[in-house]
Amino acid sequence: MEKDQDKILREVTDSEYKYGFVSDIEMDMLPKGLNEDVIREISKRKEEPEYMLEFRLKAFRKWQEMEMPHWAHLQIPEIDFQDIIYYASPKKKEGPKSLDEVDPELLKTFEKLGIPLEEQERLAGVAVDAIVDSVSVKTTFQDTLAELGIIFCSISEAIHNHPDLVKKYLGSVVPYNDNYYAALNAAVFSDGSFCYIPKGVRSPMELSSYFRINAANTGQFERTLIIAEEDSYVSYLEGCTAPMRDENQLHAAVVEIIALENAEVKYSTVQNWYPGDKDGKGGIFNFVTKRGICKGDHSKISWTQVETGSAITWKYPSTILKGDHSTAEFYSVAVTNNFQQADTGTKMIHLGKHTKSTIVSKGISAGQSNNSYRGLVKVQKGALNARNFSQCDSLLIGDQCGAHTFPYLEVGNKTAVVEHEATTSKIGEDQIFYLNQRGISTEDAIGMIVNGYAREVLNQLPMEFAVEAQKLLQISLEGSVG
Amino acid sequence: MIVVEKKPPKDPDTAILERFPKQAGEGLMGKVQARALEQFMRYGIPGKKNERYKYTDVAEILAEGYQAVTAPEHHDFRIEEIFRCDIPTLNTWVFTVLNGFYFEKEDHLQELPGGVLAGGLRQAVRERPDLVEPYLDRYASESSDGLAALNRSFAADGFFLYVPDNAVMEKPVQVINLIRSDREVMVQPRSLVILGKNAQGGLLICDHALTEKRVLSNAVKEFYVGENSSLEITRLQNEHNSMSDISHYFVHQGRNSRVTSTMISLHGGMIRNNLDVKLNGEGAENHALGLFLSDREQHMDHSLFIDHAAPHCTSTQTYKGVLDDEAEGAFEGKILVRPGAQKTEAYQVNKNILLKDTARMNTKPQLEIYADDVKCTHGATVGQLDTESLFYLRSRGIPEYEARMLLMYAFAHEVIREIKIDPLRDRIRELVDRRLRGELPRCHTCFVDYQK
Amino acid sequence: MLKIKNLHANIEGKEILKGIDLEVRPGEVHAIMGPNGSGKSTLASAIVGRDYVEITEGDILYMGESILEMPPEERALKGIFLSFQYPVEIPGVSMVNFLRAAINEQRKYRGLDPMSPSDFLKLMREKKKLVGIDSALTNRSVNEGFSGGEKKKNEIFQMAMLEPKLSILDETDSGLDIDALRVVAQGVNALKRPDSSTIVITHYQRLLNYIVPDFVHVLYKGRIIRSGGKELALELEEKGYDWLKEEYENSLNGAL
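Within each chain, residue numbers correspond to sequence positions counted from 1 in written order. Think of it this way: whatever chain is written first is A, whatever ligand is written first is 1, and the rest follow in order. Given that the model is predicted, a residue must reach a pLDDT of at least 70 before its local features are reported, and side-chain atom pairs must reach 80 or more before they are shown or counted; all residues, however, enter totals for whole chains, interfaces and linings. Values shown for side chains rest on all heavy atoms present in the structure; no hydrogens or waters enter the calculation.

### A word on the overall build of chain A
Then comes step 1: Counting from the N terminus, the helices are DSSP H or I runs at least four residues long and the strands are E runs at least two residues long. Counting secondary structure elements, chain A contains 12 helices and 23 strands.
Then comes step 2: The buried share of chain A, reckoned over its 482 residues, is 66%. To sort residues, take the accessible area from a 1.4 Å probe on protein chains only and compare it with the maximum for the residue type: under 20% means buried, over 50% means exposed, and anything in between is partly exposed.

Laid out in C-alpha cells, this is it:
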C-alpha cells in the first residue's frame, strides 16, 4: 500500500487527461437519431425477447412526454437528442466470447487503461466486465464465480439466460418513468452489468465494471442490476473513462441494487469521464440514476463515489431503507476544476424501523467550476428510531469557483434523530506553507491536503481503487493554483 | 453554449387581482405599485415548485376568497378601547396599524426626541416624500417573491419610522398590527423603517387578530440601516388558529451596521415569515434569531435569505422550533456569498424538536458560495430531547415532566436570551413557559374586548 | 552558512525589522533573545520565506547565495528548518505520508532514489527513539489533537528526520514544562553535527541551560542592540531586559 502511494506521489507529473486517447476499433453503429424504429432496431440487434422491447417502448413513450429537469444548480447546454448515436458496438465474430475473439486493438485499449482482460494478468482478486460504448466486450472470472452460484455477466446475457430474475427486478428500484434520464436509459440502454449473489454467499472477489466511451457522437446508456440474496455480500466497483473530444457526449446510466435480508452490497465508483479541456470545451455529460433498496431486514447498502471527471455531473446515488434495522451509507468526494459542474449527493428514504443512514460528502472546487451537494433525508411517519448523520464539507481553491450545499431534511417521526452539518472553507494557506517549508511543492501540498481532507471517503474504497482515486484527486487539481 | 432558461413561472393567478381596485394609486405610491404589479404578473403566486415555497402551499390559502381591505375604514372607537398591551411595564412609543392602515392619532407624522419621525406610511409619502422616495421599494423590488409583489402592488399604508443621522432612540417603538373585522378579510400593510448614519433604534412588532374570523395578512416591511447604525427588531406573533400570516421582512444594511432580529412565534394557524437580508457594505453584521412553538394543525414556515454582497460581513442565524400534535414546520435558510465577498463569516443553526409522531418538520439549510476566503457553516437537526440529559435530571430526582420542561426551556432559552428589552424578555419567557406547558391555549391575554 | 545583511522587513506595511546584521557559521549555535514584539518571529519568518513578511531592504545569504527570491520549499530542501512556534493541525494527512513525502523530496533534490518503505520505517523508529516521541503520535494526522508539548516534540522529531543544516527553533520552549523542555533540548543536542548550525529564538534563558549558545543576540524594536557570549543570557536572566532597553533608548537620545 505504502509503496503504491509512493509511486503515486512521483507519478503525478503528467497533467493531461491520460485516458483521452481514441482506439481504432471497427464499429457497428446505428445512424444518429432516436425514434421507435431505432429502439426496435436496438432490441432486434440484441435479439431481445418481446418483453424487453415492450419495456423499452413504454419508457420511450413516457420519455417523450417528459421534460429535462432544471432544478439542479447546473447550466446545461441544449442537448439535441436526435444528434446522438444510440448504438455503437465493437464488431465481433459470431459465437461465444473467448479472449481470442476479442479485437486485439480492444485488448490493447484496456491494457492501456490498466485493466488487463487476460485472466493470467488479472488484477488481484477483481473480476471485470468491460463495456465499450454500447456493449460488454468481455467478462472475466465468470467460471470461478459460477462455481459459487454467483452470476456475473453483461445485462444482455442476463436478459437471455436469466429472464426470471431480470423480469422480477429490472425497473423495480428505478421505474422506467422515474425521471427524464432514467426513462431515456430504459428506452435505449444497450448493455451493462448484471450481478446475482445467491443466498449465503460472500463474493470472494471484487466485481467490477469498466465503462469506456470510444466512438464519437455516441451516447452511453448502460444499465446495471445487482441482486444480493439473503445473507450474501458483494463489493462492486465501477470505473469509467472516455477519449478527449471537442463535443460533449452523453452518459445516462441506471444502476439498481436490491439487498435482501441481511445482505450487504458495497458499490464503489471512481468516475473519471473526460471533463473537457481547460476552457470548458468538450467533456461528458454524466446524468446518472443510481438507487438501491434495503429490502430485507438488517440489510446494508453502501455507496462510495469519487467523482473527478465529466463536464457536468448530475447524480444522486440513493437508498430506500425499507427493511427494519437496515443501514445505508453514502461517501462521496467530488472534485471540480476548470469549467466543470457537479450537482451530486444522495437520498436516504427511511421507511423501516431502526434504520440508520450516514452521509459524508466532501466537495472540492477549483478553477471556475461549480460544485453542489444536494441531498434528501426523509423519515416517513412509521420509521421508528431512524437515525441520520450528514457531514458535508466544501473546500474552495481559488476565488473564481463556487461551492454549494443544498440539503433537504424531511422528518415525520418524533423518534428520529437527523443531524446535518456543513462547512465551507478555503484551502489552508498555513497548511500549504507548512508543507512548503518541509520542501514540498505547492502543487503536491495541495494534493496532500486534499487527499487528507478526503481521507474519510477514500478509506471506504477497496485498496486498488483507493490508490487510483488518490492519484486522480491530485491530477484533477493540477493547474488549480497559479 | 446555449443556456436553457429555467422554466418561466406559470401564469399568475389573475383571479386574485379581481379582489383589488383596477386603478393604481397616485404619485410616488402609484409609481411603486405599477412597477410591482408588473413584477407580480411575471412571478405569480409561488407554487410548490418554487424552492422557497416547497413546504407551504400559499396558493391554497389565497384561493380561500378573503375580501381585500383596500381603504381605511371609519372607526368610532379609540384604540385603547379595543386593545391593551399586556406588558404594562413596557416603556415604548406605541403606534397602531389596523387592517393594514395606520390608525391615526394625529393627522401628521409625529416627531419623537432626537428628530425621529414616526407615523403612517401614507402620511410620510404626503409630508416627507424627500425621505421616502430614496428608499421605498428599493430593496423589496429586487425580490422575485410573487407574494411580496402582490403586497407591493396594492399596499397603500402601514407604519413609517425615520431615525436621522446620529440619533439614538431613547426607547423602542412598538408597532401593533391589528386585524379587526366581522368579515373574512385580507390585509396588506406595508412599512418602511429608515436609519441614517450612526443611529440607533429598537423596534417591537406585535401582531394580533382581534376577530375569530378567518383572516389573512400579507405584509411587507423594509428596513434600511445606514452606516454605523444599529437596529434591534423583536417580533412577537401570538395569533389564533384561523389566522394566516405571511410576512416579508427586507433588511438592507450599509457599512459597519448591525441588525439583530428575533422572531417569536407562539401561536398562529399558518405562519410564513420571510426574512431577506442584504449585507451591502463592508463590516455589516446581521444576527437573526427565531423561535416557534406550534401544536394542533398549525403550520409555521420560516424562510431566510442572507445575501453577503460585500466583504468582511458577518451573519448568524439561530432558528429553533418545537412541534406538537399535527403541527407542521419548515425552515429554509439560504446563505449566498457573492463573488468578491471575501472574509465572510456566516454561521447557521436550525434545531427542531418533535413532540409527537404526527408532527412534521422539513428543513433546508443552504449554502451558495462564490468566494473562497470565507468561513461558512450550517447545521440542522430534527429530533427529540436528549435522552442522556433527561436521564441525568431524573436521576437527581426531577420528575420526567419537569425534566422535559427544563430541557425544552433550555432549548428555547438560546433565542429568548437575545431579547434586549428586559420586561419584554421576561414576559416572553413567561409566555414561552406557559406555552410549553400547554397553558396558553391561544392569544387572549393582550386584548380586552375584541367583539366591540 | 547564513549571512543577514541590513535586513529591513514590513508586515502589513509596518516596519518590524529595521536593519538586522547577523552571521552564523557552520557549527555555531546562536540565541536570539528579546522581549515580546521585538521582531524575533518575524526574523525567523523572513529566513524561511513567509509571504506576509515583506523584505524592503537588505539581503539574506545562505551558503553564499541570496534566498530572498526562493520559494519556501526550496529553502527547506537546501537545509533550512523551522520549528514553528504554533504548529498547525492538518486533519487527515498522516504523519507517515507527510514525512515520507518530505524525505523523498529531499532525496530527489539530492539526486537520490526514494527511500524504500522499510528503510523509511527503520529511520522513523530510530529517530522516534532519539527524540522520545510516542509512537501513537506518529500514527495520527499531523499535529491533530496533539497537546502543546506533543506538538513541539513533533517538530523536533521532524527535524531529526530531515537533518537540516540550519535549524531555527522559534520559541520551542514556550508552553513546555521543565521535563518536556529537557527532552526537547536533549533531542536538539543529539541532532547537532559539527557542520550544522542552530538559531534558538527564545524569550527566556532557561532553554539555553540545555542548548548552550556560542553567541547571544538581543533583539529590540527590530534591531540587534547587544551581542555577546552565553554569559549575556545569564546576565539577562538576572537583570531582565529593562537595563538594555534603557541603555538603547539613551543612546538614541544621545545620538539626537
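### Considerations on the overall build of chain B
Then comes step 1: Across its full length, chain B carries 9 helices and 22 strands.
Then comes step 2: Over its C-alpha trace chain B gives a radius of gyration of 21 Å, about what one expects of a compact globule, namely 22 Å for 452 residues.
Then comes step 3: Expressed as a percentage of its 452 residues, the buried residues of chain B come to 60%.
Then comes step 4: Surface exposure here means Shrake-Rupley accessible area, sampled with a 1.4 Å probe, where a residue is shielded only by the protein chains that are shown. Summing over all exposed atoms, chain B offers an accessible surface of approximately 17500 Å²; the carbon and sulfur share of this is 48%. The atom set for the radius of gyration is the C-alpha atoms, and the globule formula is 2.2 Å times the number of residues raised to the power 0.38.

### Overview of the confidence of the model for chain B
Residues and elements named next belong to chain B.
Then comes step 1: Every residue gets a pLDDT, meaning the predictor's confidence in that residue, from 0 to 100. Overall, the predicted model of chain B reaches an average pLDDT of 87, with 93% of residues at or above 70.
Then comes step 2: Any two residues having at least one pair of non-hydrogen atoms within 4.5 Å are treated as being in contact. Here residues 1-12 is modelled with pLDDT under 50, and outside its nearest four sequence neighbours on either side it reaches 19 contacts, counting other chains as well.
Then comes step 3: Here residues 443-452 is a poorly scored stretch, pLDDT under 50, and it has 32 contacts once near neighbours within four places are set aside; other chains count.

### Comments concerning the pairing of strand β2 (residues 93-98) of chain B
Consecutive residues of a regular strand have side chains that alternate between opposite faces of the sheet.
All names here are of chain B.
Then comes step 1: As defined by bridge partners, β2 adjoins strand β7 (residues 173-179) across 6 bridges and the pair is classed as parallel. Note that in β7 the partner of Val94 across the bridge is Gln174.
Then comes step 2: Note on pairing: DSSP must find at least two bridges between two strands before they are called paired. Sheet topology note: the β2/strand β3 (residues 101-102) ladder contains 2 bridges and is antiparallel. Bridging from a neighbouring strand, Val97 pairs with Tyr102 of β3.
Then comes step 3: Remark: 2 residues form the turn of the hairpin made by β2 and β3, two consecutive strands paired antiparallel; Asn99 in that turn has positive phi of roughly 50 degrees.

### Quick notes on the interface of chain C and chain A
Then comes step 1: Counting from both sides, the interface comprises 35 residues of chain C and, opposite them, 24 residues of chain A.
Then comes step 2: Buried area: the accessible area, evaluated with a 1.4 Å probe, that two parts lose upon being put together, summed over both parts. Of the roughly 2500 Å² buried where chain C meets chain A, counting both sides, 59% is carbon and sulfur surface.
Then comes step 3: Each reported salt bridge corresponds to a side-chain nitrogen of Lys or Arg within 4 Å of a carboxyl oxygen of Asp or Glu. Of the charged contacts in the structure, one is a salt bridge between Arg438(A) and Glu155(C), with a shortest N-O distance of 3.1 Å.
Then comes step 4: What qualifies as a polar contact is a pair of N or O atoms within 3.5 Å, subject to a donor-acceptor requirement within protein and to the restriction that residues adjacent in sequence count only when both atoms come from side chains. One can count 8 residue pairs in polar contact (both at pLDDT 80 or more) joining chain C with chain A.
Then comes step 5: Counting only elements with at least two residues in the side of chain C that touches chain A, the list comes to α2 (72-77), β6 (80-83), β7 (90-94), α3 (95-109) and α6 (148-162) of chain C.

### Section: the pattern of salt bridges
Residues and elements named next belong to chain C.
Then comes step 1: Counted by the stated rule, this structure contains 63 salt bridges over all chains.
Then comes step 2: In this structure, the salt-bridge partner of Lys108 is Glu105, at a minimum N-O distance of 3.8 Å. Taken together, the positions of Lys108 and Glu105, both in helix α3 and 3 residues apart, correspond to about one turn of that helix.
Then comes step 3: On the basis of relative accessible area, Lys108 is assigned to the exposed category, the value being 53%.

### Description of the sheet that holds strand β4 (residues 53-62) of chain C
Then comes step 1: Taken in spatial order, the 4 strands of this open sheet run β2-β1-β4-β5 (chain C), and their pairing is antiparallel. The sheet is open, and its two edges are formed by β2 (14-24) and β5 (65-66) of chain C, each paired on a single side.

### Brief notes about the packing of α3(C) against α6(C)
All names here are of chain C.
Then comes step 1: Every angle, taken between N-to-C directions, lies between 0 and 180 degrees, and every axis is a line fitted to C-alpha atoms, over only the stretch in contact when it is a helix. Between α3 and α6, whose axes approach to 10 Å, the crossing angle comes to 35 degrees. Two packed elements cross with a definite hand, and for α3 against α6 that hand is right-handed. Residues Met95, Phe98, Leu99, Ala102, Ile103 and Gln106 of α3 touch α6, and the partners they reach there are Asn154, Phe157, Gln158, Met161 and Leu162.
Then comes step 2: Taken together, the residues of the contact of α3 with α6 sort by class into 8 nonpolar, 3 polar and no charged. Here is the rule for handedness: rotate from the far helix to the near one, and if that takes an anticlockwise turn smaller than a right angle the crossing is left-handed, while a clockwise turn gives right-handed. Here the term charged refers only to Asp, Glu, Lys and Arg, the term nonpolar to Ala, Val, Leu, Ile, Met, Phe, Trp, Tyr, Cys and Pro, and the term polar to all other amino acids, Gly among them.

### Some thoughts on the interface of chain B and chain A
Then comes step 1: The partner chain A presents 41 residues to the 42 residues of chain B that form the contact.
Then comes step 2: Our count for the contact surface shared by chain B and chain A stands at 1 salt bridge.
Then comes step 3: Two residues, Lys426(A) and Asp373(B), come together in a salt bridge whose shortest N-O distance is 3.8 Å.
Then comes step 4: Taken together, chain B and chain A are joined by 15 residue pairs in polar contact (both at pLDDT 80 or more).
Then comes step 5: When residues of the side of chain B that touches chain A are traced back to their parent elements, those giving at least two are β21 (360-369) and β22 (375-383) of chain B.
Then comes step 6: For the side of chain B that touches chain A, a count of residues per class yields 18 nonpolar, 11 polar and 13 charged.
Then comes step 7: Pairing analysis gives 7 bridges linking strand β23 (residues 417-426) of chain A to β22(B), with the strands arranged antiparallel. If you follow Thr424(A) over to β22(B), its bridge partner there is Cys376(B).

### Brief notes about the sheet that holds β6(C)
Residues and elements named next belong to chain C.
Then comes step 1: The strand order β6-β9-β10-β3-β11-β12 describes an open sheet built from 6 strands, whose pairing is mixed. The open sheet has two edge strands with one neighbour each: β6 and β12 (223-228). Each adjacent strand pair in this sheet contributes to an overall mean axis angle of 20 degrees, direction not counted.
Then comes step 2: Pairing geometry for strand β11 (residues 215-220) and β12, over 5 bridges, is antiparallel.

### Digging into the packing of aromatic side chains
What describes a pair of aromatic rings is the distance from one ring centre to the other and the angle between the planes of the rings.
Then comes step 1: Here a pair means two rings of Phe, Tyr or Trp (six-membered ring of Trp) with centres within 6.5 Å. Their orientation is stacked below 30 degrees between planes, edge-to-face above 60, and tilted elsewhere. Inspection of every chain in the model, using the stated rule, returns 27 aromatic pairs over all chains.
Then comes step 2: Considering the side-chain rings of Trp63(A) and Phe81(A), the 5.3 Å spacing of their centres and the 75 degrees angle between planes classify their relative orientation as edge-to-face. Here Trp63(A) is found in helix α3 (residues 50-65), whereas its partner Phe81(A) is found in the loop between α3 and β2 (88-90), with 18 residues between them in sequence.
Then comes step 3: A relative accessible area of 8% places Trp63(A) in the buried class.
Then comes step 4: Ring pairing ties together the aromatic residues Phe60(A), Trp63(A), Trp71(A), Phe81(A), Tyr180(A), Tyr181(A), Phe285(A), Phe287(A), Trp314(A) and Tyr316(A), which thus form one cluster.
Then comes step 5: Distance and angle both matter: a charge sits over a ring if NZ of Lys or CZ of Arg is within 6 Å of the ring centre and within 35 degrees of the ring normal. Above the plane of the ring of Tyr53(B) lies Arg272(B), whose end atom (NZ or CZ) is 3.9 Å from the centre.
Then comes step 6: Cation over ring: Arg100(C) sits above Phe120(C), and NZ or CZ is 5.6 Å from the ring centre.

### A closer look at the arrangement of the chains
Then comes step 1: The interface with the most contacts, out of 2 pairs of chains in contact, is the one formed by chains A and B.
Then comes step 2: Taking C-alpha atoms as the reference, chain B and chain C come no closer than 16 Å and do not contact one another.

### Some details on the side chain of Thr313(A)
Then comes step 1: Structurally, the position occupied by Thr313(A) is in strand β15 (residues 312-315).
Then comes step 2: When near neighbours in sequence (up to four residues on either side) are disregarded, Thr313(A) contacts Leu74(A), Gln271(A), Asn286(A), Glu307(A), Gln341(A), Ala342(A), Asp343(A) and Thr344(A).

### Some thoughts on unusual backbone geometry
Then comes step 1: Phi is positive for Arg296(B), which is not a glycine, with a value near 45 degrees.
Then comes step 2: Judged by relative accessible area, Arg296(B) falls into the partly exposed class, the value being 43%.

### Overview of a negative patch on the surface
All names here are of chain B.
Then comes step 1: In this analysis, a patch consists of residues with relative accessible area above 30% that form no salt bridge, clustered at 9 Å for like charges and at 5 Å for the nonpolar side chains Val, Leu, Ile, Met, Phe, Trp and Tyr. Positive charges come from Lys and Arg alone, negative charges from Asp and Glu alone, with His and the N- and C-terminal ends not counted. Here the site of a charge means atom NZ of a Lys, CZ of an Arg, CG of an Asp or CD of a Glu. Among the surface-exposed residues, Glu104, Glu106, Asp107 and Glu127 lie close enough to one another that they form a single negatively charged patch.
Then comes step 2: Among the structural elements, Glu127 can be located in helix α4 (residues 121-127).
Then comes step 3: Classification of Glu127 as partly exposed rests on a relative accessible area of 32%.

### Focus on the side chain of Asp276(B)
Residues and elements named next belong to chain B.
Then comes step 1: Relative to the assigned elements, Asp276 resides in strand β15 (residues 270-279).
Then comes step 2: A distance of 2.9 Å separates polar atoms of two side chains, one belonging to Asp276 and the other to Arg52.
Then comes step 3: Not counting residues up to four positions away in its chain, the partners in contact with Asp276 are Arg52, Tyr139, Ser143, Tyr249, Phe250, Val251 and Phe305.

### A word on helix α1 (residues 40-48) of chain C
All names here are of chain C.
Then comes step 1: α1 sits mainly inside the fold: 8 of its 9 residues count as buried.
Then comes step 2: Those residues of α1 that fall on the buried side of the exposure criterion are Lys40, Thr42, Leu43, Ala44, Ser45, Ala46, Ile47 and Val48.
Then comes step 3: In the stretch just after α1, Gly49 is the one whose phi turns positive, near 90 degrees.

### What about the environment of Phe101(B)?
Then comes step 1: Among the structural elements, Phe101(B) can be located in strand β3.
Then comes step 2: Sequence spacing of Phe101(B) and Phe159(B) is 58 residues, and the spatial spacing of their C-alpha atoms is 8.1 Å.

### Section: helix α2 (residues 36-45) of chain A
Residues and elements named next belong to chain A.
Then comes step 1: For α2, the complete set of buried residues consists of Val38, Ile39, Ile42 and Ser43. Projection of α2 onto a plane perpendicular to its axis shows the buried side chains occupying an angular sector of 135 degrees, all on one side. In α2, those exposed residues whose orientation departs by more than 90 degrees from the buried face are Asp37 and Lys44.
Then comes step 2: The inward-facing, buried residues of α2 abut α3 and α8 (180-188).
Then comes step 3: Following α2 by one or two positions, Glu47 adopts a phi angle in the positive range, close to 50 degrees. The directions considered for the arc run from the helix axis to the C-beta atoms.

### A short note on the confidence of the model for chain A
All names here are of chain A.
Then comes step 1: When pLDDT is averaged along chain A, the result is 84, and 84% of the positions lie at 70 or above.
Then comes step 2: Contacts for the low-pLDDT stretch residues 93-97, under 50 throughout, to residues beyond four places or in other chains number 7 contacts.
Then comes step 3: Note on residues 120-124: pLDDT under 50 across the span, and 5 contacts to partners over four residues away in sequence or across chains.

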